[in-house]
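# Descriptive analysis of the structure
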Amino acid sequence: MRILVVEDERKTADYLCKGLGESGYRVEVARDGFEAEHLFEEEFDLIILDVMLPGLDGWQLLQLIRRRSQVPVLFLTARDAVEYRVKGLELGADDYLVKPFSFIELLARVRTLLRRGPPRESEHFRVADLEMDVLRRRVTRQGERIALTNKEFALLELFLERQGEVLSRTYIASRVWQMNFDSDTNVVEVAIRRLRAKVDDPYPLKLIHTERGMGYVLEERA
Ligand code: CA
């Protein structure tokens, strides 16, 4: 089980890292919001998130996490204000712990969250022999598992949601990268090339098509 700890206070981070490590979990630590954002590309079974962070704060990070994943999130905060608790839960935190807390208490919450796993409504897409189980983060073609990064997964999920529709680079950039301007849509082309290399290139039936000057579309074509 992999846990990401996002915490800028070195003492707390070391304490969590050591304690969770000794309890058998693999732990990665991010010291600020930007470092955390980078690590979200990897897969974790649980994220422990401090609210007050340099760079992006815990609220912003939680919103980024929820755009792409249902991974359980345990919030840590120094304040027990009710509005903090409510805000965290509204944004999609799964549980909440007020500092200072005992390690035993934290461990109990961690175990409960990992047992509960990612619940919520099930979502499943299928086009030809391509299948995506959104909650289990699983993509297969011809029954073979395809490993995708979080961005590739988000991109494919967008295509599957909007099956048969031509999506422009700008639209894709805004949905997957939250870039709301005509910036470097080259990012989109590179990501689509990578996605195709995994999802289309090894298979005879191509599903992602380029519409020159317009964008891309995912559909089964005879
Ligand atoms: Ca902090």
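This one's a predicted model, so the numbers in the text were calculated from it and none came from an experiment.

About the thresholds
Residues numbered from 1 in each chain as written. Predicted model: local features only at pLDDT ≥ 70, side-chain atom pairs only at ≥ 80, totals over all residues. Heavy atoms only, no water. Phe/Tyr/Trp six-rings, centres within 6.5 Å; stacked < 30°, edge-to-face > 60°. Helix = DSSP H or I, 4+ residues; strand = E, 2+ residues; numbered from the N terminus. Buried < 20%, exposed > 50% of the residue type's maximum accessible area, 1.4 Å probe, protein only. Lys NZ or Arg CZ within 6 Å of the ring centre and 35° of its normal. Salt bridge = Lys/Arg side-chain N within 4 Å of Asp/Glu carboxyl O.

Glancing now at the packing of aromatic side chains. Enumeration over the complete set of coordinates arrives at two aromatic pairs. Plain terms: the ring middles of Tyr15 and Phe103 are 6.0 Å apart, the flat faces sit at 75° to each other, and that makes the pair edge-to-face. Separated by 88 residues along the polypeptide, Tyr15 in helix 1 (residues 10–22) and Phe103 in helix 5 (residues 103–116) bring together distant segments of the chain. Owing to a relative accessible area of 39%, Tyr15 belongs among the partly exposed residues under this scheme. Relative to Phe75, the ring of Trp59 lies with its centre 5.2 Å away and its plane at 55°, an arrangement referred to as tilted. Of the two residues, Trp59 sits in helix 3 (residues 58–68) while Phe75 sits in strand 4 (residues 73–77), which places them 16 residues apart along the sequence. Across the pair, Phe75 and Trp59 agree in class, each one buried. Taking the ring centre of Phe153 as reference, the NZ or CZ of Arg137 above it sits at 3.8 Å.

Our focus in this paragraph is the pattern of salt bridges. Taken as a whole and judged by the stated rule, the model has 21 salt bridges. Residue Glu105 pairs with Arg109 through a salt bridge whose shortest N-O separation is 3.5 Å. Residue Glu105 and its partner Arg109 are both found in helix 5; the two are separated by four residues, about one turn of the helix. The exposure class of Glu105 is partly exposed, given its relative accessible area of 34%. The residue Arg136 makes a salt bridge to Asp133 at a minimum N-O spacing of 3.6 Å. Taking the relative accessible area as the measure of exposure, Arg136 reaches 54% and is therefore exposed. Residue Asp133 is classed as buried on the basis of its relative accessible area of 16%. Taken together, the shared-partner salt bridges in this structure form one network comprising Glu7, Glu9, Asp50 and Lys99.

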